[in-house]
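Descriptive structure summary
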Amino acid sequence: MKIPKTIEDLKQLIADEVEESINLDYKAAGALQKTDGKKKEIAKDVSAMANSAGGIIIYGIKEFDEASNKHLPESISAVQRTEISKEWLERVIQTNISPKIDGLLIYPVPLEKEDEVVYVVEIPQGTTAHQNTKDHRYYRRHNFESVPMLDY
């Protein structure tokens with residue numbers, strides 16, 4: 001899958017109704033908050049992606065709420081860059097996952113308003129298991145969600 005790096009790329013994902021998958025996850029802007037619960041969720045989702053096939057998490061695209069359209073992108077949900085910076089997001093990811101994920105990239109996609117952005121997080125497939133240090137669990141992607149890994 002091509003990494004979306006422009007607003008046009010993001011709008012095309014929505015127009016084409018590209019569904020979430022094992023290597024694509026959409027998160028509305030509200031997923032990025034400075035609470036312990038949200039930091040734990042970020043670490044869970046990113047580590048799960050690394051522990052599977054790798055992929056992309058897009059922070060700033062809202063999914064439909066209706067069950068019939070679940071996992072489809074509905075609209076752009078802007079992140080306020082002055083409140084949630086790329087550096088903050090990277091720090092949350094790198095300090096709450098062990099070992100650190102080498103090769104992780106964050107692309108800020110600027111929107112029409114100067115302070116608004118969407119963060120595209122490109123996560124490589126891990127070469128070892130990555131643990132969420134917030135809850136000391138290992139996660140993996142299964143279809144559309146992050147689930148705890150079993151011991152085998």
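The structure we're discussing is the one just above.
Residues numbered from 1 in each chain as written. Predicted model: local features only at pLDDT ≥ 70, side-chain atom pairs only at ≥ 80, totals over all residues. Heavy atoms only, no water.

**Focus: the overall build of the chain**
What the chain contains, in helices and strands, is three helices and eleven strands. Walking the chain from its N terminus toward its C terminus, one meets helices and strands in the order α-β-α-β-β-β-β-α-β-β-β-β-β-β. For a compact globule of 152 residues, the expected C-alpha radius of gyration is about 15 Å, and the chain comes in at 15 Å, within 12% of that figure. Across its three principal axes, the chain shows a C-alpha extent of roughly 45 × 35 × 25 Å. (Helix = DSSP H or I, 4+ residues; strand = E, 2+ residues; numbered from the N terminus. Rg over C-alpha atoms; globule rule 2.2 N^0.38 Å.)

**What to know about the nonpolar core**
Counting residues in each nonpolar core, the largest one holds 24 residues, and the members touching the most others are Leu32, Ile42, Val46, Tyr59, Leu89, Ile93 and Tyr119. Listing elements by their share of this core, those giving two or more residues are helix H2 (36-50), strand E2 (55-59), helix H3 (86-95) and strand E8 (116-123). Looking at this core element by element, the count peaks at five residues for H2. Beyond its immediate chain neighbours, meaning those up to four positions away, leucine 32 contacts Ile42, Tyr59, Val79, Ile84, Trp88, Leu89 and Tyr119. Of all hydrophobic cores here, the second largest spans 14 residues; its members include Ile3, Ile7, Leu13 and Tyr107. (Core = buried A, V, L, I, M, F, W, Y, C linked by side-chain atoms within 4.5 Å. Buried < 20%, exposed > 50% of the residue type's maximum accessible area, 1.4 Å probe, protein only. Contact = heavy atoms within 4.5 Å.)

**Re the sheet that holds strand E9 (residues 131-132)**
Read across the sheet, four strands follow the order E6-E9-E10-E11 without closing on themselves; strand pairing throughout is antiparallel. On the outer flanks of this sheet lie strand E6 (97-98) and strand E11 (145-148), each paired with one strand and no other. Bridge count between E6 and E9: two bridges; the pairing is antiparallel. Residue pairing across strands places serine 98 opposite glutamine 131, the latter belonging to E9. Contacting E6, E9, strand E10 (137-142) and E11, H2 runs over the sheet at an angle of about 60° to E10. (Pairing = 2+ DSSP bridges. Axes fitted to C-alpha atoms, helices over the stretch in contact; angles between N-to-C directions.)

**Things to note about the packing of H2 against H3**
The description of two helices packed together rests on the angle between their axes and the distance between the axes. Between H2 and H3, whose axes approach to 9 Å, the crossing angle comes to 70°. The orientation of H2 relative to H3 falls into the category roughly perpendicular. Two secondary-structure elements touch here, H2 through Lys39, Ile42 and Val46 and H3 through Trp88, Leu89, Val92 and Ile93. For the contact of H2 with H3, a count of residues per class yields six nonpolar, no polar and one charged. (Parallel < 35°, antiparallel > 145°, perpendicular 65-115°, else oblique. Nonpolar A, V, L, I, M, F, W, Y, C, P; charged D, E, K, R; others polar.)

**Describing the side chain of serine 47**
Checked against the element boundaries, serine 47 lands in helix H2. Among the residues examined, serine 47 registers a relative accessible area of 0% and is labelled buried. A distance of 2.8 Å separates the side chain of serine 47 from the backbone oxygen of alanine 43, its partner in a polar contact. (Polar contact = N/O pair within 3.5 Å; in protein donor to acceptor, adjacent residues only side chain to side chain.)

**Focus on helix H1 (residues 7-15)**
Turning to H1, its buried residues number three or more, namely Ile7, Asp9, Leu10, Leu13 and Ile14. Along the axis of H1, the buried positions cluster into a sector of 165°, meaning they face one direction only. H1 presents Glu8 and Ala15 as exposed residues on the side facing more than 90 degrees away from its buried surface. On its buried side, H1 packs onto strand E1 (24-27), E2, strand E3 (61-63), strand E4 (73-76), strand E7 (105-110) and E8. The first or second residue beyond H1 is glutamate 17, which carries a positive phi of 50°. (Arc of directions from axis to C-beta.)

**Quick word on the pairing of E1**
Every regular strand shows the same layout, with side chains that alternate between the two sheet faces. Where burial is concerned, the two faces of E1 agree: the one with Leu24 and Tyr26 and the one with Asp25 and Lys27 are both buried. In the sheet, E1 pairs with E2 via four bridges, with the strands oriented parallel. Paired with lysine 27 across the strands is tyrosine 59, a residue of E2. Where the polypeptide runs from E1 across H2 and back to E2, its parallel neighbour, the crossover connection is right-handed. (Right-handed = clockwise from strand over helix to strand, strands pointing away.)

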